[in-house]
Number of protein chains: 2
Amino acid sequence: MPTPTPAPLLRACNINVTRDGYGAGENQRLERPFGDGIDPGVLFSWAGATASWPNRTEPGGSRGLDDYFTRDWGRNIGAEIMGANKFSPHRGPWQNHDWQGWWGDEPPFHTPVFVMTHHLRPSFTLSDTTFHFTDADPATVLARAFEAADGKDVRLGGGPSTIREFLDAHLVDTLHVAVSPVDLGAGSRLWKSPEELLDRFHMDVVPSPSGVTHHLFWRR
Amino acid sequence: MPTPTPAPLLRACNINVTRDGYGAGENQRLERPFGDGIDPGVLFSWAGATASWPNRTEPGGSRGLDDYFTRDWGRNIGAEIMGANKFSPHRGPWQNHDWQGWWGDEPPFHTPVFVMTHHLRPSFTLSDTTFHFTDADPATVLARAFEAADGKDVRLGGGPSTIREFLDAHLVDTLHVAVSPVDLGAGSRLWKSPEELLDRFHMDVVPSPSGVTHHLFWRR
């Protein structure tokens, strides 16, 4: 018998936070997408150094532990869900629809993307990525995303408050968080401590030679 | 611009050895495929516990660190190369061609497989896996496998002496070895110490909560 097809999962992958649990500082804006007090280079450098970093444009890069995480990011993913603050630095109603995300004409998603926002706007497509906008609750958005993913997994793209919302609704199957050895003190927080999730998840804690500590959660 | 398509790699994945470097004991035979003195369950249990273990027939399993290795085993693989001792317990010329591998009617490879042997026999197909037999040198076999893989990577499946042959010919791009905390003392050996490879490879050493220590190598 062939191995049975596994049920699709909701996976949050390559989420980056500080040692004190922040994924972004205060006052996120166009010039500082990750807000005050945080150098995104510090949070992301482990991923940028790998061969499979989706934004890599030149050959090279490491193929050790960290590369397993960057190359798993797109594996078997059929849709992404993201929060409004990941999609754009704007807050409040759209003045126009010129903003099409941070990612240029070739976004790295290559699937439908569902943006959770109270400020709806028409769907649009860039290359092989289509952005949809929805103000539905997490379970409803997830059902739409699974339908769009057509049997593949759905990636939960962040930021921290969006992940928290799905965690609180018990919808997350697996979660990978890379913790950087810096503190921030204020901003958008994923957790006070990873131990908060141990009532519902198994956890592996894996220090990487790059300096981050990977935290891997899967449902109990 | 889309990310350029990376060049295909020769990858040895999920190779299991003892702390003293043995992948099989002496006297490998039908009743003891891994030879004397070795309990394959001890070497492989880390993999068998994961959700993505290719031979898993029931839902469940862990999705922590070890699962990244089992689920990467088939990712982007277009062909496998294996040694004669992995394919069969027979030594010397074939008496007949009844033996079709250890894996039943649905082998887990799902690609062409090139078996390196001095005792040639006709190719045959089981489900979506075709076994070919070749007595060519490693570089020639690899060229055939890359052609069969059609742009995807080629997996080097072992055993230890076959991997050693390809390492000595400088053909391996990445190598993942899980080292179990047991000693064997005799048999088919991959290395005396992983440090032997450091002149040509980077190495990450990653202890797993399951008890094995993953060793990840990629070309310098």
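Here the residue index of a chain counts from 1 through its sequence in written order. Labels are handed out in written order, letters beginning with A for the chains and numbers beginning with 1 for the ligands. Only residues with pLDDT of 70 or above have their local features reported here, since the model is predicted, and side-chain atom pairs are shown and tallied only from 80 upward, although totals for entire chains, interfaces and linings are computed over all residues. The basis for every side-chain value is the complete set of non-hydrogen atoms in the structure, without hydrogens or water.

Going by what an unreviewed UniProt entry lists, chain A is known as Dihydrofolate reductase family protein and is assigned to Streptomyces polychromogenes.

**Q** Got a sec to walk through helix α1 (residues 40-48) of chain B? Specific residues and values, please.
**A** Note that an α-helix has 3.6 residues per turn; residues three or four places apart therefore point the same way. Residue and element names in this part refer to chain B. With a 1.4 Å probe rolled over the protein chains alone, any residue whose accessible area is under 20% of its type maximum counts as buried; one over 50% counts as exposed, and the rest are partly exposed. Under the DSSP-based scheme used, a helix requires at least four consecutive residues in state H or I and a strand at least two consecutive residues in state E, with every element numbered from the N terminus. Here α1 has its buried residues at L43, W46 and A47. Within α1, the buried residues cover an arc of 105 degrees as seen down the axis, which keeps them to one side. Residue contacts are defined here by distance: any two heavy atoms, one from each residue, within 4.5 Å place the two residues in contact. Check the buried side of α1 and you find it contacts β1 (10-18), β2 (22-24), α2 (65-72), β8 (174-180) and β11 (213-219). The arc in question is the one spanned by the directions pointing from the helix axis to the C-beta atoms.

**Q** Which residues make up the pairing of β1(B), and what values do they have?
**A** Residues and elements named next belong to chain B. By the criterion of burial, β1 is predominantly enclosed, with 9 of the 9 residues buried. A pair of strands is considered paired only if DSSP assigns at least 2 bridges between the two. In the sheet, β1 pairs with strand β7 (residues 153-156) via 2 bridges, with the strands oriented parallel. Counted as the bridge partner of R11 is R155 from β7. In the sheet, β1 pairs with β8 via 6 bridges, with the strands oriented parallel. Bridge pairing in β8 links T18 to S180.

**Q** Could you give an account of the sheet that holds β8(B), naming the residues involved and the relevant values?
**A** All names here are of chain B. Taking strand neighbours across the sheet as the criterion, the 9 strands line up as β5-β6-β4-β3-β7-β1-β8-β11-β10 in an open arrangement whose pairing is mixed. At either end of the open sheet lies a strand with only one pairing partner, and these are β5 (124-126) and β10 (201-207). On average, adjacent strands in this sheet sit at an angle of 20 degrees to one another, irrespective of strand direction. A fitted line through C-alpha atoms represents every axis, and for helices the fit uses only the stretch in contact; the resulting angles, taken between N-to-C directions, go from 0 to 180 degrees.

**Q** Can you lay out the interface of chain B and chain A for me, pointing to particular residues and giving the numbers?
**A** Each partner contributes residues to the interface: chain B has 26 residues there, and chain A has 26 residues. Note on chain B versus chain A: buried area summed over both sides is about 2,300 Å², and carbon and sulfur give 64% of it. Here the quantity called buried area is the total loss of accessible area, with a 1.4 Å probe, experienced by two parts when brought into contact, counted for both. It is B:R63, B:Y68 and B:W218 in chain B that bury the most area against chain A; as a group they hold 25% of the surface buried on that side. Polar contacts, as used here, are pairs of N or O atoms within 3.5 Å; protein pairs need one atom able to donate a hydrogen and one able to accept it. Residues neighboring in sequence count only if both atoms are side-chain atoms. Scanning the region where chain B abuts chain A turns up 4 residue pairs in polar contact (both at pLDDT 80 or more). Looking at the side of chain B that touches chain A, the elements that each hand over two or more residues are α2, β8, β10 and β11 of chain B. Top contributing element to the side of chain B that touches chain A by residue count: α2(B), with 5 residues.

**Q** Quick rundown of the sheet that holds strand β4 (residues 112-116) of chain A? Include the residues and the values.
**A** All names here are of chain A. The 9 strands are arranged β5-β6-β4-β3-β7-β1-β8-β11-β10 in an open sheet whose pairing can be described as mixed. Of all the strands in the sheet, just β5 (124-126) and β10 (201-207) have a single pairing partner and so form its edges. On average, adjacent strands in this sheet sit at an angle of 20 degrees to one another, irrespective of strand direction. Note that β5 and strand β6 (residues 129-134) share 3 bridges and pair antiparallel. Paired with F124 across the two strands is F131, which belongs to β6. Contacts from helix α2 (residues 65-72) reach β1 (10-18), β8 (174-180), β10 and β11 (213-219) within the one sheet, and its direction differs from that of β11 by about 50 degrees.

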